[in-house]
Amino acid sequence: MLSKKEKTVVLDSEGEEIRYKKKPRTWRERLTAGLFLSPSFFGVMVFFVLPFFVVIYYANIDSIINREFVGMQNFEGVLNNSSFQDAARNTAMFSLVSVPLAIILSLVMALILENEIPMKSTFRTFFLSPLMVPVASIVLIWQVLFDYHGVINQAVTVFGGNPVDWFKSDYGQVVVVILFLWKNLGYNMILFMSALSAIPRDVLEVSRLDGASAWKQFWFIKMRYITPSIFFVGIMSLINSFKVFREVYLLTGDYPFGSLYMLQHFMNNTFRSLDYQKLSAAAIIMCLVMIVIIGILFIVEDKIGKDVEG
């Protein structure tokens, strides 16, 4: 086996080494490559890099008119804002509940559909159907189900219970968690099914011959192979949990019930009031929090991945 410093030697018919010299690129080839890359380069610069520095600039001035440098004053104002604190608390609670459920339930469904069960393709299509439904249609379905005069309350009334105003009570976040899971479980399930299908069958067969139970196969073999997929699904679910604002906004409007007031509501309402300094500071805080969380996940995944490779 060749080491990193060794290279393959090509010999001619007389046994002498053939040396290949890399042809340098001409200015015409470099110009052509630059022209093909320029649209993407300028697009990234104009729509991502430049706005990033503009946001940093707005977060450190007192107003667009005076433009005086105030340092961390805007960040302190955002962190001490009661609306921002409530929104951050609700968003964190929603993510802490919905993301683990999205990972666990989708993994369980993938393990079930991995076996030969009746109507396997039908169940797979059923779980994937939310991916094809527009957001407006999803909101309409949830309004029909959880409205005060909706299907759920009618069923509760039939069984002798009292109707609940779901979107104006402490149960509102539970309804949104159910919506989030219904929308995202199918995609996560497909990712896990792909990871499970990539596990070497001979490893599972050998463990089965050695008397390993289904639980031991799952915990000591399958879990070690699908760990990267678990972290990927976790990161994607975390990002999607921050984007649940669309559904909540269409269901409840700009100022929903307390437990449904998310960070995106705070950002949207701050934008409507044209308070760019507060908006920019809040955006940077959210970005830093996401970087820290995702960085920690990548560090943990790297350590576990090395253990799996070893």
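For clarity, every value in this text was computed on a predicted model and none was experimentally measured.

Assigned secondary structure in the protein consists of 12 helices and zero strands. Reading the secondary structure of the protein in the N-to-C direction produces α-α-α-α-α-α-α-α-α-α-α-α. Whereas a compact globule of 310 residues would reach a radius of gyration of roughly 19 Å, the protein reaches 27 Å, over 25% beyond that. Looking at the protein as a whole, 33% of its 310 residues qualify as buried. Taking contacts inside the protein between residues at least 6 apart in sequence as the whole, the part at least 24 apart equals 64%. Of the accessible surface of the protein, which amounts to about 20500 Å², a share of 67% is contributed by carbon and sulfur atoms. Considering the protein, the positive charge centre built from 27 side chains and the negative charge centre built from 25 side chains are found 5 Å apart.

Here E114 lies in helix 3 (residues 82-114). A residue is classified by how much of its surface remains accessible, and E114, at 22% relative accessible area, is partly exposed. For the pair E114 and A198, spaced 84 residues apart in sequence, the C-alpha to C-alpha distance is 12 Å.

What follows is about the packing of helix 3 against helix 7 (residues 172-197). The interhelical angle for the contact between helix 3 and helix 7, taken along N-to-C directions, is 40°, at an axis separation of 7 Å. One way to sum up the angle between helix 3 and helix 7 is to call them oblique. Helix 3 and helix 7 meet at a crossing whose hand is right-handed. Tallied by class, residues from the contact of helix 3 with helix 7 come to 21 nonpolar, five polar and one charged.

Summarising the model, the protein shows a mean pLDDT of 82, and 90% of its residues fall at 70 or more. Per-element averaging of pLDDT across the protein places helix 4 (residues 120-128) at the bottom with 78 and helix 3 at the top with 90. Segment residues 1-7 is flagged for pLDDT under 50; beyond a separation of four residues in sequence, or across chains, it makes two contacts in the model.

What follows is about the nonpolar core. Ranked by internal contacts, the top residues of the largest apolar core, which has 51 residues, are F84, F94, L107, F192, I226 and F266. If you list the elements that add at least two residues to this core, you get helix 2 (73-79), helix 3, helix 7, helix 9 (214-242), helix 11 (263-272) and helix 12 (276-309). By residue number, the principal contributor to this core is helix 3, which donates 11 residues. In this view, F94 contacts V99, Q173, V176, V177, F180, S241, V244 and M262; residues no more than four positions away in its chain are not counted. In this structure, I138, V139, F146 and L251 belong to the second largest nonpolar core, which totals nine residues.

Moving on, we get to the environment of T32. By the secondary structure assignment, T32 is in helix 1 (residues 27-58). For T32, a relative accessible area of 36% gives the class partly exposed. A polar contact is formed between the side chain of T32 and the backbone oxygen of R28, at a distance of 2.8 Å.

Right, let's talk about the pattern of salt bridges for a bit. Enumeration over the complete set of coordinates arrives at five salt bridges. Put simply, K183 and E247 hold a salt bridge, and the shortest N to O gap is 2.6 Å. Of the two residues, K183 sits in helix 7 while E247 sits in helix 10 (residues 245-252), which places them 64 residues apart along the sequence. With respect to class, K183 is no different from E247; both count as buried.

Each value, and the rule that gives it
- Residues numbered from 1 in each chain as written.
- Predicted model: local features only at pLDDT ≥ 70, side-chain atom pairs only at ≥ 80, totals over all residues.
- Heavy atoms only, no water.
- Helix = DSSP H or I, 4+ residues; strand = E, 2+ residues; numbered from the N terminus.
- Rg over C-alpha atoms; globule rule 2.2 N^0.38 Å.
- Buried < 20%, exposed > 50% of the residue type's maximum accessible area, 1.4 Å probe, protein only.
- Contact = heavy atoms within 4.5 Å.
- Areas by Shrake-Rupley, 256 points an atom, 1.4 Å probe, with all protein chains shown as cover.
- Lys, Arg positive; Asp, Glu negative; His and termini not counted.
- Charge placed at Lys NZ, Arg CZ, Asp CG, Glu CD.
- Axes fitted to C-alpha atoms, helices over the stretch in contact; angles between N-to-C directions.
- Parallel < 35°, antiparallel > 145°, perpendicular 65-115°, else oblique.
- Left-handed = near helix turned anticlockwise from the far one by under 90°.
- Nonpolar A, V, L, I, M, F, W, Y, C, P; charged D, E, K, R; others polar.
- pLDDT = per-residue confidence, 0-100.
- Core = buried A, V, L, I, M, F, W, Y, C linked by side-chain atoms within 4.5 Å.
- Polar contact = N/O pair within 3.5 Å; in protein donor to acceptor, adjacent residues only side chain to side chain.
- Salt bridge = Lys/Arg side-chain N within 4 Å of Asp/Glu carboxyl O.

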